[in-house]
Amino acid sequence: MARIIGGIGTTHVPAIGKAIADGKQNDPYWTPFFSGFHAVHKWLAREKPDVAVVFSNDHGLNFFLDKLPTFAVGAAHEYRNEDEGWGIPVSATAKGDAALSWHLIEGLVGDGFDITMCQEMLVDHAVTIPLNLMWPDGNWPQIVPVSINTVQHPLPSMARCFELGRSVGRALMTYPKDLKVVVIGTGGLSHQLDGKRAGFINRDFDTLCMDQLTSDPESLTRYTIPHLVELAGAQGVEFLNWMAMRGALPGTVSELHRNYHIPISNTAAATLVLENRPRAQRKAA
Ligand SMILES: [Fe+2]
């Protein structure tokens, strides 16, 4: 049976990829952000996950405004990165676990999620930057990418993304192969790139979201998408990927590590590690 070791939430802004390429991890601007990954590296080195399920949003590399699935799941043996602009060098190709992808797809469709299945899928900075941050030696685990529409309204709700994650978590728990799985949600936290509120950041709301994500994630489903845009910014809705990540942790969840730094490229940069332990079996009366 697959074992879900925990979840990681991280920002994915393109400027991080450029900083990695230019070796700026120890520059004063970047140190508060990159130093927040030392604890992540330690945890991953100890746990050694075989597979990462990555919830993120596509930024126009696979899907554009003309055709944009609400949820899309990769079912490929590999996922190439292509030049997406922003001055980020093209990243390595990520290996996929297609068998696990199909198992998750079966589970999701069985649970009523009408997803798009992608036997070919590119990955953009929303996947490659987190992988490069978490495994800087390039020794990435296999991945199953799950794309959530956070771009073209109407967006799926917080509750729907949480349920999507729960469905993935249930499917992982019934996968017969003995695998260690880490679940990743990327993007956010609060930021807005355009319009009158460009540069908008909301530390209080970000803190509340990270606190509640651990202890009471369902309470966050009370926020509608318009609320989320208002409180987190137009692009802060990428928090939907974090909600899906949290939904996929079915056990007892505790916060192992958190880093929060303002600003990185006009965004609130956050890193959160959640440990997932199997719930203790209740003793028979
Ligand atoms: Fe993004």
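Residues numbered from 1 in each chain as written. Predicted model: local features only at pLDDT ≥ 70, side-chain atom pairs only at ≥ 80, totals over all residues. Heavy atoms only, no water.

**Focus: the sheet that holds strand β10 (residues 267-277)**
Reading across the sheet, the eight strands line up as β6-β3-β7-β2-β8-β1-β10-β9 and stay open at both edges, with mixed pairing between neighbours. Either end of the sheet is taken by a strand with one partner, and the two such strands are β6 (116-118) and β9 (252-264). Put simply, the sheet's adjacent strands are angled 15° from each other on average, direction ignored. In this structure, strand β1 (residues 3-10) lies alongside β10, joined through five bridges in antiparallel fashion. (Pairing = 2+ DSSP bridges. Helix = DSSP H or I, 4+ residues; strand = E, 2+ residues; numbered from the N terminus. Axes fitted to C-alpha atoms, helices over the stretch in contact; angles between N-to-C directions.)

**Section: the coordination of the iron ion**
Within the protein, His 12 (NE2), His 59 (NE2) and Glu 238 (OE) serve as the donor atoms for the iron ion, at 2.0 to 2.2 Å. One chain supplies every donor for the iron ion, spaced along it as H-x46-H-x178-E. One end of the pair, His 59, is in the loop between β2 (51-56) and β3 (71-74); the other, Glu 238, is in the loop between α8 (225-232) and α9 (239-247), with 179 residues separating them in the sequence. (Donors = N, O, S within 2.8 Å, 3.2 Å for Na, K, Ca; no water.)

**Topic: the environment of Tyr 79**
Checked against the element boundaries, Tyr 79 lands in strand β4 (residues 78-79). Put simply, Tyr 79 and Val 144 are 65 residues apart on the chain and 9.4 Å apart in space, counted from C-alpha to C-alpha. Among residues more than four places away in sequence, those in contact with Tyr 79 are Gly 74, Thr 93, Ala 94, Lys 95, Gly 96, Ser 101, Met 121, Val 123, Ile 143 and Pro 145. Polar side-chain contacts of Tyr 79 include one of 3.3 Å to the backbone oxygen of Gly 74. (Contact = heavy atoms within 4.5 Å. Polar contact = N/O pair within 3.5 Å; in protein donor to acceptor, adjacent residues only side chain to side chain.)

**Examining the packing of aromatic side chains**
Evaluated as defined, the whole model comprises eight aromatic pairs. Here the aromatic rings of Trp 30 and Phe 33 are separated by 6.4 Å at their centres, their planes lie at 70°, and the arrangement is edge-to-face. Looking at Phe 33, the relative accessible area reads 0%, which means it is buried. Taken together, a centroid distance of 5.2 Å and an interplanar angle of 85° make the contact between Phe 205 and Tyr 223 edge-to-face. (Phe/Tyr/Trp six-rings, centres within 6.5 Å; stacked < 30°, edge-to-face > 60°. Buried < 20%, exposed > 50% of the residue type's maximum accessible area, 1.4 Å probe, protein only.)

**Re the pattern of salt bridges**
Per the stated rule, a full pass over the model turns up 11 salt bridges. For Glu 47, the salt bridge goes to Lys 180, with nearest N and O atoms at 3.7 Å. You can see Glu 47 sitting in helix α3 (residues 38-47) and its partner Lys 180 sitting in strand β8 (residues 180-186), a full 133 residues away along the chain. Residue Glu 47 is classed as buried on the basis of its relative accessible area, which comes to 13%. You can call Lys 180 partly exposed: its relative accessible area is 22%. As a salt-bridge pair, Glu 163 and Arg 166 come within 3.4 Å of each other at their nearest N and O atoms. One end of the pair is Glu 163 and the other is Arg 166, both in helix α6 (residues 158-173) and three residues apart, which spans about a single turn. The exposure class of Glu 163 is partly exposed, given its relative accessible area of 31%. (Salt bridge = Lys/Arg side-chain N within 4 Å of Asp/Glu carboxyl O.)

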